[in-house]
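Remarks on the overall topology
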Amino acid sequence: MTRLAVAFFAILVLLSGCIDTKPQLGPDGKPLPPVFRITKREAVKIPVRMLNTVNALRTASGLEPVKLSPELTAAALTHSRDMSIQNRPWHFGSDGSSPIDRVARAGYKGRLLGENISETFENDVDTLAAWMEEDDTRSVIMNPKARYMGIAWYQEPSGKIWWTQVFGD
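Residues numbered from 1 in each chain as written. Predicted model: local features only at pLDDT ≥ 70, side-chain atom pairs only at ≥ 80, totals over all residues. Heavy atoms only, no water.

1. A few points about the nonpolar core
Here is the rule we go by: Side-chain atoms within 4.5 Å are what join buried Ala, Val, Leu, Ile, Met, Phe, Trp, Tyr and Cys residues into a set we call a nonpolar core. Between buried and exposed lies partly exposed: a residue is buried under 20% and exposed over 50% of the maximum accessible area for its type, with that area taken using a 1.4 Å probe on protein chains only. Helix and strand labels come from DSSP, where a helix needs a run of H or I of at least four residues and a strand needs a run of E of at least two; each type is numbered from the N terminus.
In this structure, V54, I141, M149, W163 and F167 are the most contacted members of the largest nonpolar core, which totals 22 residues. At the level of elements, α2 (40–60), α5 (124–133), α6 (135–141), β3 (148–155) and β4 (161–168) are the ones that each hand at least two residues to this core. At 4 residues, the largest contribution of residues to this core is made by α2. Membership of the second largest hydrophobic core comes to 8 residues, among which are A75, Y108, A152 and V166.

Written as structure tokens, this is what we have:
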């Protein structure tokens, strides 16, 4: 039995040498980050996880929690898809629309307070952490007037994720 276990372990060690462990490189020659794939199961969890994490950050700072808004989420989804089509992370739509235009088109009756965007291969938790590290995006999340949030993404077949987070009063 011991010989069998040793032989099995030796085969595993030999086979591990056959695995290509070199990172994939992007067009700039730099290693690409590991790809986070959003499955149907993950897609259901992301909005709740993002909301809960945002609210934990807000309440820890003495701010009111926010609620998910279907209208703000619709505006965020429209923009995530559009950024992918444009292949650039920016706040204006391919039709020249601003974040204010998009939330109005989605039927949101409140006032837009801010929009965070990201082009990444990272999951929602890492994306939120990156937003919290930057003053301008953190100020959107931690706006004391915020009462509603929308969160959406679009994932390309390559794995790149276009995140959009929108806050309103």
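2. Observations regarding the environment of S61
With respect to the helices and strands, the residue S61 is situated in the loop between α2 and β1 (67–68). Note: C-alpha distance between S61 and M142 (81 residues apart in sequence) is 8.3 Å.

3. Examining the environment of S69
Cut-off, in case you're wondering: Any two residues whose heavy atoms approach within 4.5 Å at even a single point are treated as in contact. What qualifies as a polar contact is a pair of N or O atoms within 3.5 Å, subject to a donor-acceptor requirement within protein and to the restriction that residues adjacent in sequence count only when both atoms come from side chains.
Along the polypeptide, S69 turns up in the loop between β1 and α3 (70–86). By relative accessible area, which is 3% here, S69 ends up buried. If we skip the residues at most four places from it in the chain, S69 touches Y108, Y148, M149 and G150. Among the polar contacts made by the side chain of S69, one reaches the side chain of E71 at a distance of 3.2 Å.

4. Some thoughts on the side chain of N143
With respect to the helices and strands, the residue N143 is situated in the loop between α6 and β3. Assessed through its relative accessible area of 16%, N143 is described here as buried. Among all residues touching N143, those that are not within four sequence positions of it are R58 and L113.

5. Quick look at the sheet that holds β1
The condition is simple: We call two strands paired when DSSP finds no fewer than two bridges between them. Axis geometry follows a simple rule: fit a line to the C-alpha atoms, using only the stretch in contact for helices, then measure angles between N-to-C directions, giving values from 0 to 180 degrees.
The sheet built from 4 strands is open, its strands ordered β1-β3-β4-β2 with mixed pairing. Every other strand in the sheet has two partners, leaving β1 and β2 (112–120) as the edge strands with one partner each. In this structure, β1 lies alongside β3, joined through 2 bridges in parallel fashion. Pairing of K67 across the sheet is with Y148, part of β3. Where α3 meets the sheet, it contacts β1, β2, β3 and β4, and its direction lies at approximately 30 degrees from that of β3.

6. Let's talk about α2
Put simply, the rule reads: For a helix, the expected span equals 1.5 Å multiplied by the residue count minus one.
An ideal rise of 1.5 Å per residue puts 30 Å on 21 residues; α2 measures up with 31 Å between its terminal C-alpha atoms. Regarding α2, the residues found buried are E42, I46, P47, M50, L51, V54, N55 and R58. Buried residues belonging to α2 abut β1, α5, α6, β3 and β4. In the segment just after α2, G62 is the residue with positive phi, at about 80 degrees.

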